[in-house]
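# An overview of the molecular structure
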Amino acid sequence: MRLKKSYRDSWVEIDLNNIQYNIEQLRHRLSHHTNIYAVVKANAYGHGDVEVAKAAIQAGASRLAVALLDEAVKLRDHGITVPILVMGWVHPEDVSVAADNDITITFFQKEWLEQVMQLEFSGRLKLHMKWDTGMGRIGLRDEKELTELLQLLNEPRFYLEGIFTHFATADETDLNYFRDQQARFEQLYQVFRANWNQPVIFHTGNSAASMRFPDVMQHYVRFGISMYGLYPSQIVKQEKPIDLKPAFSLHSRLIHVKKLPKGESISYGATYTTQEDEWTGTVPLGYADGIRRKLQGTDVLIGGQRAEIVGKICMDQFMIRLSKPYPVGTKVTVIGTQADQEITMDELASHLDTINYEIACMISDRVPRYYIPAVNEKNTHV
Ligand SMILES: Cc1ncc(COP(=O)(O)O)c(C=O)c1O
């Protein structure tokens, strides 16, 4: 019989109050006609999709967006009933799964639509059309493609519910490219309006655009990284258009403490050698949990102070240099706060020469997630 969720001494804590706080801050900044898609793809950027989705909906996000059909089906299987948009590409032969589960899917190719027209599915298929205004990823790019697609859409089994694009540089100082994308969107919009007279919803903004340019946001924004309490770039962090609180923290506990004499080496490759007699602690987290080997030499928190990771990070464990002999079981914080010290995802991202998005996604499912329930929803504790 399994008595606990996990037998590990390492865990992630997700504060759902902070997810709700971040959504509320954005709601105050947006105009009242702009609503929020909570972006919960990639297991809610590593935070836990079902739990985050429920908290986000309760805080006023009226819809959810994911990248994959699998992610949308999982949310439905957990009883989530709000509209869900799959922003990525879905195989034509899988549209019946979307239709059966009332999941909205993204399309942008004539051939795709022609294939779907040959297939059986029940009910109406809800669709959002993706316009590539400069991201160069997915989406139709020109007026010809747009008019061709609109002609095919006249079939009653299709319901064109929305149209969207995605900005490549909304988080940068130089906004020229962002303005170019807006202009391309406007051009396509004019063609669309000339050829389609039924109502649709428009959404263009990610976290950066929605926080920085709330006045030009349309019916919805797609709020991802900042819902989790992280700014999309250092520039937006400095501008601080809204206050954000990170929801994610990562902790562990010392499992072994020993004094190593001067001149002893630590871990694979013996890359670290003690300069004097040193207290060393072993932390049961490693690269299989997402603690990348390149993080050797960075700090964790223990006893409210910084302690350096010494020696190579192993698959399941790493070692830290201690200022004194802490007892086995002492809490170690890898991401988060202790006393007046904080290790942010931004700090780790900077060491790894990447962005905070990647840090959030890299902590593996092997580390159990525990949820601090939103104060107005005590039952979400899992
Ligand atoms: C199409 C699309 N919309 C919205 C988002 C959310 O972006 P952000 O996390 O910067 O808010 C993403 C994330 O990459 C995306 O791919």
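Residues numbered from 1 in each chain as written. Predicted model: local features only at pLDDT ≥ 70, side-chain atom pairs only at ≥ 80, totals over all residues. Heavy atoms only, no water.

### Some points on the pairing of strand E3 (residues 63-66)
- Both faces of E3 are covered, namely the face carrying Arg-63 and Ala-65 and the face carrying Leu-64 and Val-66.
- The sheet contact formed by strand E2 (residues 35-39) and E3 spans three bridges and is parallel. Residue pairing across strands places Tyr-37 opposite Arg-63, the latter belonging to E3.
- As paired elements, E3 and strand E4 (residues 84-86) share three bridges and run parallel to each other. Its bridge partner being in E4, Val-66 is matched across the sheet by Val-86. (Buried < 20%, exposed > 50% of the residue type's maximum accessible area, 1.4 Å probe, protein only. Helix = DSSP H or I, 4+ residues; strand = E, 2+ residues; numbered from the N terminus. Pairing = 2+ DSSP bridges.)

### A few points about the packing of aromatic side chains
- Under the definition given, this model contains 13 aromatic pairs.
- Centre to centre, the rings of Tyr-45 and Tyr-357 are 6.2 Å apart; their planes meet at 35 degrees, and the pair counts as tilted. Taken as a pair, Tyr-45 in helix H2 (residues 41-45) and Tyr-357 in helix H12 (residues 356-362) lie far apart in primary sequence, 312 residues in all.
- A relative accessible area of 26% means that Tyr-357 is categorised as partly exposed. (Phe/Tyr/Trp six-rings, centres within 6.5 Å; stacked < 30°, edge-to-face > 60°.)

### Observations regarding unusual backbone geometry
- Positive phi, close to 45 degrees, is recorded for Lys-240, a residue that is not glycine.
- Checked against the element boundaries, Lys-240 lands in the loop between helix H10 (234-239) and strand E10 (248-253).
- You will see that Ala-270, though not glycine, has its phi angle at about 45 degrees, which is positive.
- Examined against the element boundaries, Ala-270 turns out to sit in the loop between strand E12 (265-266) and strand E13 (272-273).

### A short note on the domain arrangement of the chain
- Along its sequence, the chain is carved into domain 1 (31-228) and domain 2 (248-372).
- Using C-alpha coordinates to define each centre, domain 1 is positioned 39 Å away from domain 2.
- Across the boundary between the two partners, domain 1 contributes eight residues, which contact eight residues of domain 2.
- The contact between domain 1 and domain 2 buries some 740 Å² in all, and 62% of this surface belongs to carbon and sulfur atoms.
- Of all residues in domain 1, Tyr-45, His-47 and Ile-225 bury the most surface against domain 2, accounting for 58% of the area lost on that side.
- Between domain 1 and domain 2 we count zero salt bridges in total.
- Our count for the contact surface shared by domain 1 and domain 2 stands at three residue pairs in polar contact (both at pLDDT 80 or more).
- For the side of domain 1 that touches domain 2, the element with the highest residue contribution is H2, accounting for three residues.
- Residue classes in the side of domain 1 that touches domain 2 are distributed as three nonpolar, four polar and one charged. (Domains from an automatic or database assignment. Contact = heavy atoms within 4.5 Å. Buried area = accessible area lost by both parts, 1.4 Å probe. Salt bridge = Lys/Arg side-chain N within 4 Å of Asp/Glu carboxyl O. Polar contact = N/O pair within 3.5 Å; in protein donor to acceptor, adjacent residues only side chain to side chain. Nonpolar A, V, L, I, M, F, W, Y, C, P; charged D, E, K, R; others polar.)

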